[in-house]
Amino acid sequence: MTRLRSALLALSFFAVTPIVAPAQAEAAEVNLYTTREAGLLKPLTDRFTAETGIQVNTVFVQGGLAERLAAEGSRSRADVAIVVDVGNLMELVDRDLSQPIRSEVLEGAIPANLRDPQGRWFALSTRARAIYASRERISEADAKALTYEALAEPRFKGRVCIRSGQHPYNTALFSTLLIAHGEPWLRDYLTKLKGNLARRAAGGDREVARDIMAGICDVGVANTYYAGLMLSGRGGEEQKLWGEAVRVVLPGRETAVNITGAIVTRHAPNRAEALRLLEFMVSPEAQTVYANGNFENPVRPGTPTNPIVESFGDLTPRDVSMPEVAARRAAVSRIVDEVGFDR
Ligand SMILES: [Fe+2]
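Definitions and cut-offs
Each residue is numbered by its place in its chain's sequence as written, counting from 1. Two thresholds apply to this predicted model, a pLDDT of at least 70 for residue-level local features and 80 or more for giving and counting side-chain atom pairs, whereas whole-chain, interface and lining totals are computed over all residues. Values reported for side chains reflect all heavy atoms of the structure, with hydrogen atoms and water molecules removed beforehand. Only protein atoms enter the 1 Å grid, on which a cavity is a set of points fitting a 1.4 Å probe that cannot get out and a pocket is an open set with protein on both sides within 12 Å along at least 5 of 7 lines, lining residues being those with an atom within 4 Å of a point. Grid points are joined across faces, edges and corners, and a volume is the space filled by probe spheres set on the points. Where helices and strands are cited, they refer to DSSP runs of H or I of at least four residues and of E of at least two residues respectively, numbered from the N terminus. Side-chain classes follow a simple rule in which Ala, Val, Leu, Ile, Met, Phe, Trp, Tyr, Cys and Pro form the nonpolar group, Asp, Glu, Lys and Arg form the charged group, and the remainder, Gly included, forms the polar group. In this description, a donor is an N, O or S atom within 2.8 Å of the metal centre, a cutoff extended to 3.2 Å for sodium, potassium and calcium. Water is not part of the atom list, which can make sites seem incomplete. The cut-offs for exposure are 20% and 50% of the maximum accessible area for each residue type, with area from a 1.4 Å probe on protein chains only; residues under the lower value are buried, those over the upper are exposed, and the others partly exposed. Put simply, a salt bridge is a Lys or Arg side-chain nitrogen that is within 4 Å of an Asp or Glu carboxyl oxygen.

Caption draft 1: Representation of the layout of surface pockets within the structure. Estimates place the volume of the largest pocket at around 680 Å³. Along the wall of the largest pocket there are 24 residues; nearest its centre are Thr35, Arg36, Glu37, Tyr226 and Asn294. Mapped by element, the contributors of at least two residues to the lining of the largest pocket are helix H2 (38-52), helix H7 (168-181), helix H10 (224-231) and helix H13 (284-293). Examining the composition of the lining of the largest pocket, we find that three residues originate from one element, H10, more than from any other. Along the lines of polarity and charge, the residues of the lining of the largest pocket split into 10 nonpolar, eight polar and six charged. Taken as a whole, the second largest pocket holds about 510 Å³ of empty space.

So, in structure tokens, the structure goes:
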């Protein structure tokens, strides 16, 4: 009996193996290239796999994602790319590294101004470029009246902190202002803003809050989610104090926003799975996890935002086309250089 049993087991093993092996080799999968953090994406890709059975192979790329995709060409295994900043996203489109996607799910979930009419890119979240103002030295009324334009006024001489004018976050902000006011205005604005700096335009957004707390500056420019990260305590006790030292202002009720977004790659070997992953990313559950995980704003209307983000007030984005913001980045970079903003 035992011998028969083991013989049967052996038989079933050999009988089953050839059927199972190819099935496993063909197991549904999708390959994701991203510049985002593992801690943010892992809970989402895990949930996606649990729901769909599609395995997600994530490649975390520090920089040069577009170069890598371009170099890999038609041999690339990438199906989806998720990146931050409108410039980085449009670079993928401009270099013909994405492919057009039609999806009622995506078109229904993402407002029209946050996706390409041809389906070559889709925003997954928005992040505001806010003004940070000292709670100690700027009154609430004065803070709430602040605009990006006002930071260049003489009253802020020696009181402004900001990171490099060449950083993509500032490039997008200055592009938004360029669209609103034109090139001569932007050159004049950046010259005056440079004249108002309390220190060199350098460091990161969090250092704006740090330096406001230290009394080096009274106002600055930084993304909303950094305030969220600091105030949440996730960056440690010290950063929590930096966050508490500033009021987050969404300027003039027409705030400059940037996006994070996704494409399906031009040569995606797993196109159907790529589409399912993108559709999953705009589901109410995924939007909540994705946007709130980094204190950003979801693109899907009606998705609850994190209470810390909510406390910054209503976000009313400037009515500006994202591709147009990206299209100005070379011009902005040149002007930033010409006025010696970072020197
Ligand atoms: Fe950032």
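Caption draft 2: How the structure looks around the coordination of the iron ion. Listed as protein donors to the iron ion are Tyr169 (OH), Tyr225 (OH) and Tyr226 (OH); their distances from the metal cover 1.9 to 2.1 Å. Read in sequence order, the donor residues coordinating the iron ion give the pattern Y-x55-Y-Y. You can see Tyr169 sitting in helix H7 and its partner Tyr225 sitting in helix H10, a full 56 residues away along the chain. Tyr225 sits in the buried class, given a relative accessible area of 3%.

Caption draft 3: Focus on the pattern of salt bridges. Taken as a whole and judged by the stated rule, the model has 28 salt bridges. A salt bridge links Glu296 to Arg127; the nearest nitrogen and oxygen atoms lie 3.1 Å apart. Of this pair, Glu296 sits in the loop between H13 and strand E9 (297-298) while Arg127 is found in strand E4 (residues 122-134), placing the two residues 169 residues apart along the sequence. Taken as a pair, Glu296 and Arg127 share a single burial class, namely buried.

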